[in-house]
Every structure is written in C-alpha cells, then in structure tokens.
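# Secondary and tertiary structure notes
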Amino acid sequence: METKPVITCLKTLLIVYSFVFWITGAILLAVGVWGKLMLGPYISLIADNSTNAPYVLIGTGTVIIVFGLFGCFATCRGSPWMLKLYAMFLSLVFLAELVAGISGFVFRHEIKGTFYRTYNDAVLNYNAEDEVSHAVDNLQHRLRCCGVYNYTSWLGSVYYPSNGIPASCCLNSSDCNQEDLRNATVAPSKVYHQGCYELVTSFMETNMAIIAGVTFGIAFSQLIGMLLACCLSRIITANQYEMV
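Residues numbered from 1 in each chain as written. Predicted model: local features only at pLDDT ≥ 70, side-chain atom pairs only at ≥ 80, totals over all residues. Heavy atoms only, no water.

### Some thoughts on the environment of Leu-98
Spelled out, the test is: Numbering of helices and strands runs from the N terminus; a helix is a DSSP stretch of H or I covering at least four residues, while a strand is a stretch of E covering at least two. Any pair of residues with heavy atoms lying within 4.5 Å of one another is described as a contacting pair.
Relative to the elements of secondary structure, Leu-98 occurs in helix H4 (residues 80-106). C-alpha of Leu-98 to C-alpha of Phe-220: the two residues are 122 residues apart in sequence and 8.3 Å apart in space. Ignoring any residue separated from it by four or fewer positions in sequence, one finds Leu-98 in contact with Phe-216, Ala-219 and Phe-220.

### Quick word on unusual backbone geometry
Quick reminder of the rule: The buried label applies to any residue whose accessible area, calculated with a 1.4 Å probe on protein chains only, is under 20% of its type's maximum; exposed applies above 50%, and partly exposed to all values in between.
Although it is not a glycine, Ala-128 adopts a positive phi angle of roughly 70 degrees. Overall, the relative accessible area of 29% leaves Ala-128 in the partly exposed class. With phi around 55 degrees, Arg-144 is a residue other than glycine that occupies positive phi space. For Arg-144, the position within the fold is in the loop between helix H6 (131-143) and helix H7 (160-163).

### As for the nonpolar core
Here is the rule: Only buried Ala, Val, Leu, Ile, Met, Phe, Trp, Tyr and Cys residues count toward a nonpolar core, and they belong to the same one when joined by side-chain atoms within 4.5 Å.
Formed by 26 residues in total, the largest nonpolar core has its most connected members in Tyr-119, Cys-146, Trp-154, Ile-165 and Val-191. Those elements giving two or more residues to this core turn out to be helix H5 (108-124), H6 and helix H9 (196-239). Those residues in contact with Trp-154 that sit more than four places away from it in its chain are Val-123, Tyr-126, Val-136, Gln-140, Cys-146, Gly-147, Tyr-160, Ile-165, Pro-166 and Cys-169. One finds Leu-14, Ala-87, Val-93 and Ala-229 within the second-largest nonpolar core, a separate group that totals 20 residues.

### Considerations on the UniProt feature "transmembrane region" (unreviewed entry) in the protein chain
Basically, it comes down to this: UniProt positions are given in the numbering used here, feature names are shortened, and annotations may be inferred rather than shown by experiment.
Following the UniProt record, one finds the feature "transmembrane region" (unreviewed entry) at residues 12-35, 55-73, 85-107 and 208-232. What you have in residues 55-73 is 100% helix and 0% strand, and the ends, taken at the C-alpha atoms, are 27 Å apart.

### Topic: H6
Applicable threshold: By this rule, a helix spans an expected 1.5 Å times one less than how many residues it contains.
Here H6 is 13 residues long and its end C-alpha atoms lie 18 Å apart, about the 18 Å a rise of 1.5 Å per residue gives. All buried positions along H6 are accounted for by Ser-133, Ala-135, Val-136, Asp-137, Leu-139 and Gln-140. Looking at the residues trailing H6, positive phi occurs at Arg-144, about 55 degrees.

### Section: the packing of aromatic side chains
Let me state the cut-off plainly: Here is the rule: rings of Phe, Tyr and Trp (six-membered ring for Trp) pair when centre to centre is within 6.5 Å. Planes less than 30 degrees apart are stacked, more than 60 are edge-to-face, and the remainder are tilted.
With the rule as written, the count across this model stands at 14 aromatic pairs. For the ring pair Phe-115 and Tyr-197, a centre distance of 5.8 Å and an interplane angle of 10 degrees mean the geometry is stacked. Taken together, the residues span a long stretch of sequence, with Phe-115 in helix H5 and Tyr-197 in helix H9 at a distance of 82 residues. When the ring of Tyr-116 is compared with that of Tyr-149, the centres are 5.8 Å apart and the planes differ by 40 degrees; the resulting orientation is tilted. In this pair, Tyr-116 is assigned in helix H5 and Tyr-149 in the loop between H6 and H7, connecting sequence segments 33 residues apart. A relative accessible area of 31% means that Tyr-116 is categorised as partly exposed.

What follows is the structure in structure tokens.
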C-alpha cells in the first residue's frame, strides 16, 4: 500500500485539513480583535482584573495561521522533518485546548462567583460616566434586567441617593423619569424585576455543555491532522519519496 497514489491521497487530505486549520486560526484572530474592540467593557464585568483573553485569542489565532500555512508548505514539499514538526505543533494545540476546555468546565462555579463580585462592585460604584458603568447600562438594557438579583441591589449604590435607579432599568423609557426612579414606592412598577446575575448565570449553565462539547470536538480534530502528518512522514521516509 505504500505507493505513490497512497502518498498523493494523504497529501491531498492533509492539505485540506491544513486549510481548515488555517481557517480556524483566522476565526480565532477575528474573534480576538472583535472581543478587544467591542467587548472590553463587558469583559471587565466578569473579571476581577483586566483580562488578557482577547490577546490570547489574537496570539493563538496568529500562530495557528502561520503553522497552517507551514503545514501546507510541508505537505507540498514532502519533507518528513517538517511534517513531524507540524504533527508536534498539532499535539501542543490539542493539549492546550483540552486543558482549556476541562478548566472552563471544572471552574465554572468560580467563574460565576467572580462575575457576582465584579458585577456587584460595578453596581455599588456606578456613576453613569465611566466605561464600566456604560457596560452595566448596556447589559441591563439588552437583557431587560435590573441590578444583581433585582432592582433593590441599586438601593445601596452610591448613585441611588441623588439619582435613584439608573434609567437603563426602565420598562418603558417614555414613561420613566428620574423622579419616579428616586421614589422607592413608585420605582418598582417602572423597572425590570429580574436580576442580571440570574440571567447571565442561567445562560452559562444552559450552554456550558454545548461550549464544552464544541471545545473538545475541536481539540480532538487535531488528532486527525497529527495522524495524517505522521503517516505521510513515515511513508515518505520508508519509500525515500521526495516532492520536487
């Protein structure tokens, strides 16, 4: 079976795989850039400190793009040592993705706890002006929620005594003024009653299995590339086949 047609077939499969791998890197790079530009304020609500997650995605995507091109070049050249290096890189990516997937699933409760602390701090220190405050407003407006557990979370904030509950909590912006939002009796009928923490954590719990499944699926797909690269390298070496 170790013939030129078999080598050609393996090369074709590996080139197709490398192209798909390259596309994966491009997607990670795009998501990282988008996350940095568009989700910066929201990320600050789920992390105690500034997170490097967008930079990790950008760096990982860039490296995958480079090695995806390297994989195509190594396959076309038919170089055994290049193919072995490519297989080694795929094994490292496999291990990194596996660890990331397991860590995210195992520490999901810690992630929820961190989100509670940071979001609660954002509510208590809300001033309607800084970036974090704008992120809170956007979150409440988009998810139609108010406060951490409910609108009463705002009663202990530094913003409430002089301004009341933020306008982003209003059920109907045209029927919601600052005077109503400062009135503890009237405000409950003007704002959302569901807290944002419950909505976000429920979404995380509901979709955690899907996220974990996709992560593990992508990770194990690296095994296909590793197998193809190793087999092609072994067959080329055994037959002293070279691509000119």
